[in-house]
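# Structural characterization, general
What follows is each chain in one-letter form.
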Amino acid sequence: MTTRRSFLKTSAVLSAGLLVAPKLFAYDKKYIGLQLYTVRDAMDKDPQGTLAKVAKVGFNSVEAATYTGSEKFYGMDGLSFAKVLKDNGLSLISSHYRLGEDIPRSKGTLLNDWQKAVDDAAQIGLKYMICAWLSPAERGLLDHYKKIAGDLNTAGEICKKAGIQLCYHNHDFEFIKQDGKYPYEMLLINSDPDLVKMEMDMYWMTKAKQDPMTLFNQYPGRFPLWHLKDMDNTPEQKFTEVGNGVIDFKAILKHANKAGLKYFFVEQDICPGDPIDSITKSYNYIKTNLV
């Protein structure tokens, strides 16, 4: 039986551990994820075979990139997709969705039939649903970003009722200043920190000349998901394999606890050859150097 004295002693040890090594409690290092957009062409042709290859590389979790609004993930209904993932030892953590302001008749977006999308996500155990991208038509001026923050709040409330966290994934266009302010600030300030969190894409942050650590300090705990996406050392700033570019992921990961990191995903929008070769290089670097 646990005595009060032993409980206090244990609590003191745990508290000391948190002070000495907070990064141990920031995220579960057993998860090394892949955003399936990286292998999108292969997923279109042979999703089952591609997922088997992803698992063979060593990845154990994934983030989906397609949802059609009719329970379909990569041409499969949700439960079939979840079974293929389970059969390959892959955990489905999150999935990307569109805002849908510019595609009003498209199902399964934050602004159109969102409840159905959330129900489908809950059925297969998704932890996070992410607003992936704003089309040029959806961006606009600061007041419009303020409206979008309200739309995110509404969608996030529906997610919360289903036990799912809504996030927003950045690119670089959110860091083009308007009247001295970044649109990204408008999204952060005008969205509820409980309902709307962020998926930070390290490539696009770097391209926009933003310091992730500054944002972690300004908005601690708002960044549970990251995309580990590297940038090569050329004037073109091309996408490259993790560890093959200029982004110091080791330094950024030291701030995982402040950020609130829970899961990260490798993503490479464009690969020089077979994407499986590229994700293998990224996985090997992460396994050897980052976890």
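Source: prediction; values computed, not measured.

This brings us to the overall build of the chain. Looking only at helices and strands, one finds 13 helices and twelve strands in the chain. Its C-alpha atoms give the chain a radius of gyration of 19 Å, within 12% of the compact-globule value 19 Å for 291 residues. Counting only C-alpha atoms, the chain reaches 65 × 45 × 45 Å along its principal axes. Here the chain holds 291 residues, and the buried ones make up 50% of them. Of all intrachain contacts in the chain linking residues separated by at least 6 positions in sequence, the fraction that spans at least 24 positions is 76%. The centroid of the 37 positive side-chain charges in the chain is displaced by 8 Å from the centroid of its 35 negative side-chain charges.

Let's shift gears to the pattern of salt bridges. Following the criterion strictly, the structure yields ten salt bridges and no others. The closest approach of N and O atoms between K229 and D201, which form a salt bridge, is 2.8 Å. Taken together, the positions of K229 in the loop between β9 (225-228) and β10 (230-231) and D201 in strand β8 (residues 196-201) put the pair 28 residues apart, joining distant regions of the chain. The salt bridge partner of K229 is E267, with a shortest N-O separation of 3.0 Å. Here the residue K229 occupies a position in the loop between β9 and β10, and E267 occupies one in the loop between β12 (263-266) and α13 (275-289), the gap between them amounting to 38 residues.

For Y74, which is not glycine, the phi dihedral falls at a positive 55°. Tracing the backbone shows Y74 in the loop between β3 (72-73) and β4 (76-77). Judged by its relative accessible area of 11%, Y74 is buried. Positive phi values are uncommon outside glycine, yet Q237 reaches one of about 50°.

Of all hydrophobic cores here, the largest spans 83 residues; its most connected members are F81, Y97, W114, F223 and W226. Considering every element that reaches this core, the biggest residue donor is helix α7 (residues 142-161), with seven residues. Apart from the residues within four sequence positions on either side, W114 is in contact with Y97, G108, T109, M129, A155, I158, C159 and L166.

We now examine the packing of α7 against helix α8 (residues 183-190). Running from amino to carboxyl end, α7 crosses α8 at an angle of 40°, the nearest separation of the two axes being 8 Å. As α7 packs across α8, the resulting crossing turns out to be right-handed. Contacts between α7 and α8 pair L142, Y145, K146, I148, A149, L152 and N153 from the former with P183, M186, L187 and N190 from the latter. The residue makeup of the contact of α7 with α8, split by class, is eight nonpolar, two polar and one charged.

This part is about the packing of helix α5 (residues 114-123) against α7. It is the contact of α5 with α7, at a shortest axis distance of 10 Å, that shows an interaxial angle of 35°. Note on packing geometry: the crossing formed by α5 with α7 is right-handed. For the pair formed by α5 and α7, the contact residues are W114, Q115 and V118 on the first element and A155, I158 and C159 on the second. Across the contact of α5 with α7, the residue classes tally to five nonpolar, one polar and no charged.

Moving on, we get to the packing of aromatic side chains. Overall, the coordinates contain 15 aromatic pairs when judged by the stated rule. With a centroid separation of 5.1 Å and an interplanar angle of 55°, the aromatic rings of Y67 and F73 are classed as tilted. Judged by relative accessible area, which is 0%, F73 ranks as buried. Between W204 and F239 the ring centres are 5.9 Å apart and the planes differ by 75°, which places this aromatic pair in the edge-to-face class. Here W204, found in helix α9 (residues 202-207), pairs with F239, found in strand β11 (residues 239-240); they are 35 residues apart in sequence, far enough to count as distant. Residue W204 shares its accessibility class with F239, and that shared class is buried. Joined through ring pairs, the aromatic side chains of Y67, F73, Y74, F81, Y97 and W114 make up one cluster. Sitting over the face of the ring of Y37, R40 holds its NZ or CZ atom 3.9 Å from the ring centroid.

Attention shifts here to the confidence of the model for the chain. Per-residue confidence for the chain gives a mean pLDDT of 91; residues scoring 70 or more make up 91%. Every residue in residues 1-25 is under pLDDT 50, and counting partners more than four places away or in other chains gives five contacts.

One closed barrel accounts for eight strands, arranged β1-β2-β5-β6-β7-β8-β9-β12; its pairing is parallel. Within this sheet the neighbouring strands show an average axis-to-axis angle of 30°, counted without direction. Summarising the sheet, strand β6 (residues 128-131) and strand β7 (residues 165-169) pair through four bridges and their orientation is parallel. Residue pairing in the sheet places C131 in a bridge with Y168 of β7. Along the sheet face, α7 touches β6, β7 and β8 and points at about 145° away from the line of β7.

Rules used in this analysis
- Residues numbered from 1 in each chain as written.
- Predicted model: local features only at pLDDT ≥ 70, side-chain atom pairs only at ≥ 80, totals over all residues.
- Heavy atoms only, no water.
- Helix = DSSP H or I, 4+ residues; strand = E, 2+ residues; numbered from the N terminus.
- Rg over C-alpha atoms; globule rule 2.2 N^0.38 Å.
- Buried < 20%, exposed > 50% of the residue type's maximum accessible area, 1.4 Å probe, protein only.
- Contact = heavy atoms within 4.5 Å.
- Lys, Arg positive; Asp, Glu negative; His and termini not counted.
- Charge placed at Lys NZ, Arg CZ, Asp CG, Glu CD.
- Salt bridge = Lys/Arg side-chain N within 4 Å of Asp/Glu carboxyl O.
- Core = buried A, V, L, I, M, F, W, Y, C linked by side-chain atoms within 4.5 Å.
- Axes fitted to C-alpha atoms, helices over the stretch in contact; angles between N-to-C directions.
- Left-handed = near helix turned anticlockwise from the far one by under 90°.
- Nonpolar A, V, L, I, M, F, W, Y, C, P; charged D, E, K, R; others polar.
- Phe/Tyr/Trp six-rings, centres within 6.5 Å; stacked < 30°, edge-to-face > 60°.
- Lys NZ or Arg CZ within 6 Å of the ring centre and 35° of its normal.
- pLDDT = per-residue confidence, 0-100.
- Pairing = 2+ DSSP bridges.

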